[in-house]
Structures are given as structure tokens and as C-alpha cells.
Number of protein chains: 2
Amino acid sequence: MSSFLPTEQRLAVTRQRYPAFPRDAAVLIRLIKHIYKRVQDDANAMLRPYGINHPEYNLLMMLYGTEGYTLHPTELADAAGEKSANITRLTNELADKGLIARNASDEDRRKVTLTLTDQGVALIESFLPDVCALLEHQVGDLQSRDVVQLERLLKKFLDQLERE
Amino acid sequence: MSSFLPTEQRLAVTRQRYPAFPRDAAVLIRLIKHIYKRVQDDANAMLRPYGINHPEYNLLMMLYGTEGYTLHPTELADAAGEKSANITRLTNELADKGLIARNASDEDRRKVTLTLTDQGVALIESFLPDVCALLEHQVGDLQSRDVVQLERLLKKFLDQLERE
DNA sequence: TGTATATATTTCATATATGTACTATCTAAG
DNA sequence: CTTAGATAGTACATATATGAAATATATACA
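Residues numbered from 1 in each chain as written. Chains lettered and ligands numbered in written order. Predicted model: local features only at pLDDT ≥ 70, side-chain atom pairs only at ≥ 80, totals over all residues. Heavy atoms only, no water.

What exactly am I supposed to notice about the nonpolar core here?
Across soluble globular proteins, nonpolar side chains show a tendency to be buried alongside one another. Residues A:Phe21, A:Leu60, A:Leu154, B:Phe21, B:Leu60 and B:Leu154 are the most contacted members of the largest nonpolar core, which totals 110 residues. Beyond its immediate stretch of four places on either side in the chain, B:Phe21 contacts A:Tyr57, A:Met61, A:Leu128, A:Val131, A:Cys132, A:Leu135, B:Leu11, B:Thr14, B:Arg15, B:Ala26 and B:Arg30. (Core = buried A, V, L, I, M, F, W, Y, C linked by side-chain atoms within 4.5 Å. Buried < 20%, exposed > 50% of the residue type's maximum accessible area, 1.4 Å probe, protein only. Contact = heavy atoms within 4.5 Å.)

What is the right way to read the packing of helix 2 (residues 23-47) of chain A against helix 6 (residues 118-139) of chain A from this model?
In a pair of packed helices, the angle between the axes and the distance between the axes together describe the arrangement. Residues and elements named next belong to chain A. Relative to each other, helix 2 and helix 6 sit at 155°, their axes nearing to 11 Å. Considered as vectors, helix 2 and helix 6 are oriented roughly antiparallel to each other. Seen from above, helix 2 lies across helix 6 with right-handed handedness. Counted together, Val39, Asp42, Ala43, Met46 and Leu47 of helix 2 and Asp130, Val131, Leu134 and Gln138 of helix 6 form the full contact between these two elements. (Axes fitted to C-alpha atoms, helices over the stretch in contact; angles between N-to-C directions. Helix = DSSP H or I, 4+ residues; strand = E, 2+ residues; numbered from the N terminus. Parallel < 35°, antiparallel > 145°, perpendicular 65-115°, else oblique. Left-handed = near helix turned anticlockwise from the far one by under 90°.)

Where do I start with the sheet that holds strand 3 (residues 112-116) of chain A in this structure?
Read from one edge to the other, the open sheet built from three strands follows the order 1-3-2 (chain A), with strand pairing classed as antiparallel. The open sheet has two edge strands with one neighbour each: strand 1 (70-71) and strand 2 (100-104) of chain A. (Pairing = 2+ DSSP bridges.)

Would you explain the protein's contact with DNA strand D in this entry?
By nearness alone, 20 residues border DNA strand D, and A:Pro73, A:Thr74, A:Arg102, A:Arg110 and B:Arg89 come closest of all. Near the protein, meaning within 4 Å, the atoms of DNA strand D are sugar or phosphate in a fraction of 79%, with bases accounting for the rest. Separating a phosphate oxygen of DNA strand D from a backbone N or O atom of B:Arg109 is a distance of 3.0 Å. No other element matches the four residues that helix 5 (residues 84-96) of chain B contributes to the surface near DNA strand D. (Near = heavy atom within 4 Å. Polar contact = N/O pair within 3.5 Å; in protein donor to acceptor, adjacent residues only side chain to side chain.)

Explain the protein's contact with DNA strand C here, please?
Around DNA strand C, the structure places 20 residues, and the nearest of them are A:Asn53, A:Arg89, B:Thr74, B:Arg102 and B:Arg110. When atoms of DNA strand C within 4 Å of the protein are sorted by moiety, sugar and phosphate together comprise 78%. Take A:Asn86: an N or O atom from its side chain is 3.5 Å from a phosphate oxygen of DNA strand C. Within the side chain of A:Arg89, one N or O atom sits 2.5 Å away from a phosphate oxygen of DNA strand C. Elements represented by at least two residues in the surface near DNA strand C include exactly helix 5 (84-96) of chain A together with helix 4 (73-80) and helix 5 of chain B.

Mind showing me how you'd approach the layout of surface pockets here?
One simple way to see leftover space: roll a probe sized like a water molecule over the atoms. Within this model, the largest pocket holds a volume of roughly 590 Å³. Elements that contribute at least two residues to the lining of the largest pocket include exactly helix 1 (5-17) and helix 2 of chain A together with helix 2 (23-47), helix 4 and helix 7 (144-162) of chain B. Of the residues assigned to the lining of the largest pocket, the class counts are seven nonpolar, six polar and eleven charged. Of the voids in this model, the second largest pocket is the one considered here, and its volume is about 420 Å³. Contributing to the lining of the second largest pocket are 22 residues, with A:Asp78, A:Gly81, A:Glu162, B:Ser3 and B:His34 lying nearest its centre. Those elements that place two or more of their residues in the lining of the second largest pocket are helix 3 (54-64), helix 4 (73-80) and helix 7 (144-162) of chain A together with helix 1 (5-17) and helix 2 of chain B. (1 Å grid on protein atoms, 1.4 Å probe; cavity = no way out; pocket = protein on both sides within 12 Å on 5 of 7 lines; lining within 4 Å. Points joined across faces, edges and corners; volume = space filled by probe spheres on them. Nonpolar A, V, L, I, M, F, W, Y, C, P; charged D, E, K, R; others polar.)

Got a minute to help me understand the environment of B:Arg15 in this structure?
In this structure, B:Arg15 sits in helix 1. For B:Arg15, the residues in contact, after removing those within four places along its chain, are B:Phe21, B:Pro22 and B:Arg23.

Please explain the relation of the copies chain B and chain A as it appears in this structure.
Between the two copies of the chain lies a rotation about an axis combined with a shift along it. For these two chains of identical sequence, chain B goes onto chain A by a turn of 180° and a shift of 0.0 Å along the axis, with RMSD 0.1 Å. When the rotation and shift are considered jointly, the pair of chain copies conforms to a two-fold rotation axis. When the interface residues of chain B are mapped onto chain A, 100% of them are again interface residues, pointing to one common binding face. (Least-squares fit on C-alpha atoms with pLDDT ≥ 70 in both.)

How should the interface of chain B and chain A be read in this particular structure?
When the parts come together, some accessible area is lost, and that loss is often what is quoted as the size of the interface. Across the boundary between the two partners, chain B contributes 82 residues, which contact 82 residues of chain A. Here chain B and chain A share an interface that buries about 8,000 Å² over both sides, 63% of which is from carbon and sulfur atoms. The three residues of chain B that bury the most area against chain A are B:Arg10, B:Arg17 and B:Tyr36, which together make up 9% of that side's buried surface. Linking chain B with chain A are twelve salt bridges, by the criterion used here. Across the salt bridge formed by B:Glu8 and A:Lys155, the nearest N and O atoms sit 3.0 Å from each other. At the boundary of chain B and chain A, one finds 22 residue pairs in polar contact (both at pLDDT 80 or more). At the level of elements, helix 1, helix 2, helix 3 (54-64), helix 4, helix 6 (118-139) and helix 7 of chain B are the ones that each hand at least two residues to the side of chain B that touches chain A. For the side of chain B that touches chain A, the element with the highest residue contribution is helix 2 of chain B, accounting for 18 residues. (Buried area = accessible area lost by both parts, 1.4 Å probe. Salt bridge = Lys/Arg side-chain N within 4 Å of Asp/Glu carboxyl O.)

Help me understand empty space enclosed by the protein in this model?
Considering all chains together, one arrives at four cavities of 30 Å³ or more under this definition. Its boundaries defined by the atoms lining it, the largest cavity holds a volume of some 230 Å³. Residue lining of the largest cavity: 20 residues in total, with A:Ile29, B:His54, B:Tyr57, B:Asn58 and B:Leu135 positioned closest to the centre. Those elements that place two or more of their residues in the lining of the largest cavity are helix 2 of chain A together with helix 2, helix 3, helix 4 and helix 6 of chain B. When residues in the lining of the largest cavity are grouped by element, the largest group, five residues, is from helix 2 of chain A. Each residue belonging to the lining of the largest cavity can be placed in one class, and the counts come to 14 nonpolar, four polar and two charged. One number sums up the size of the second largest cavity: a volume of about 190 Å³. Lining the second largest cavity we find 16 residues, and of these A:Ala43, A:His54, A:Tyr57, A:Leu135 and B:Ile29 sit closest to its centre. Taken together, the elements giving at least two residues each to the lining of the second largest cavity come down to helix 2, helix 3 and helix 6 of chain A together with helix 2 of chain B. In terms of residue class, the lining of the second largest cavity is built from eleven nonpolar, three polar and two charged.

Below you can see the structure in the form of C-alpha cells.
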């Protein structure tokens, strides 16, 4: 039924061989990984006709979700969970496609401002119907109680991870 | 406090601009992504001294969790969530390092068997104490009730995702 | 048997991501 | 001022991952 069963069986074997292995933590992390890969693949497939991939989509949506459609590269990197070196490349490509504008900040001359262009906003609003459909399909018929619980617990987990 | 707050604020702005945007689904997926990246980075840092990265670690552990320490490339790809083309490269590298052996299967001559070498098992057992410590640190002081709930809900989510 | 189709794996060109070192600018303490 | 240390962003070499086509073998069935 679930693609995850073999993974659990492997964890059982692992614990026979190395009893101290923390099963629960490992299950959580492997589940996160399976889910992430699946979501990423689905999103890439959906976005391909629009000429962008999932990381580019994320950057565009971070700007779309910001007042003034503008962020600095470092902010964008944090928001999207990308490394700064990668932001340079990705935003250069988005700028080449005319979806965002790169400008020098005059408040701080080390900084660059990244702003959605009208064309960028238009592209986003053209794919949003498909994105919404995909997102709704992904949660599918999960009970809304479950979704709320899951959000609460994932936040707790993320907090814990960041507690260093 | 949490690195996730700005993300939620952006979702609020997004919904002002595009009210149909499914907030809950998007929050879940962004949480998954943040957690995944964090876990991946931490694991890579921990594994570096052992000369392997997180994907390689995963492959080794899938074999370690299998009776006979042996899988075919396709099975390994499914288990580890990697694409088959990537498995070829990764397993070649692991074979070059002497950690696994590649052999032709005589049951089906299209197939290849990938088996942990003694050296591979020894490497795994040398890093397992650090891995266990990291895993335990990652779940930290999450209540065990929460961990159980989270596992249940993530499985439900994964099932839903795979329901096509 | 022979032929069509499916499966397992690899090859290769290309796309994507990272670490590290570097430049420029800012901030603050003397 | 000016100098030391922090911060913002980028360049470049290298590492990692992907899709699509190619190769070999297996299976089904006419």
C-alpha cells in the first residue's frame, strides 16, 4: 500500500544490528524526505510549461508575498531556504527572463533590491490557478483537524531543530 | 523566535492578493521544505569527516537495513528516493571507495547487485554513534506523544500524496 | 519460433547547487 | 578621521542531480 513500508522494515533490521539506533527520529526524518521529494517532483512537473522550476517559483512567491514586491538577496535566501551563492544565479536568470528587476539600493550601497516586474506578477497570476489546484490536491481529503495538528507539530519540530 | 514567522506573514499577504490561495496546504509544504533543508545540512556537516555526504549515507543505510546487505539499483533508488541515473553515479563512487561491491546478477542478467563490503559495514558502524546522537538531538525534547502523532500524520500525508 | 513490448541499467549532455575566497561597503571604537 | 571588524553580494571551481536516449535482457503471445 504505502511506499513507506519497506523503509520501516529496513529500520527494524537496522535496529536488530544496532539496537541503539533511534527508530522514531529516523522514521520522522525519512518521512519528511519522502514527502519533500514527492512534492518537489510534482511541482516541477506542473511548473514546467510556465518555463520555471520549483526554486524559481519559490523565489517569485516570496516576492509576491511581500509588500512592495521587493526583497534583498539575503532576505530572499532566508525566506526560500537557499544559499546566498545560489540566489545570485537564480535571480540573475529570473532577471534575464524579465520577471524581476535588480537594482542598487541607495540606502545601503552594499545591497541590491530585487523587485517583481509587471511581467513577473502577470506570470505568477497566470500559474496560480494551477498551483492552487495542485496544493488542494496534495492535501486531498486530509481532515482539517489533521492538517491543523500537523502544522502545529511540524512547527514544534522546526523550532526544536533550530534550537541548536 | 521561529524562522518561520516571516513565511507565514508572506502567506497572509499572498492571500490578500489572491484570496483563493490555499494557506494551510502551502504552510505544510513550506514547513516540510524548511525542515528538510535543515536536516540535510546538519547531516552533511556531521558526515563530512567520514568522507561521505547525506545521499551516500542514505544508500549505505538502506543496504545496512536489508537482510544480506544487498539490493538491486532500482530497489535502492526507490528506497532512497533517488532517480536511477543518480544511483548509477552514487553507487559507482561508493564502489570506488570500496564500501560496496557491484556484481552481475545471474538470476536476471539485466540486473546488478549492490552489496555492502566488510569495509562498508565497518564504516557504518564507525559513524553510527554520531548519527544516533544527531538524530536524538534533532527530536530533542519533543514529547513522545508528539512524535507518535507526527509520525501518524506524516504517513497519512504521504499516503495522500501518493494516491495520485 | 519469432516478434513486440516491457524492464533494468547506463551514458551523456545539461541543469542545478555548494564552498570558499574576494570585493565593496558599512559601523563603531579609539 | 582612521582603522578593525562586521555585513552584503558575487565569481568561480567543483560537486551533485536530472531527463532523454541508448543498450541489453527478459517476457508474453501470436
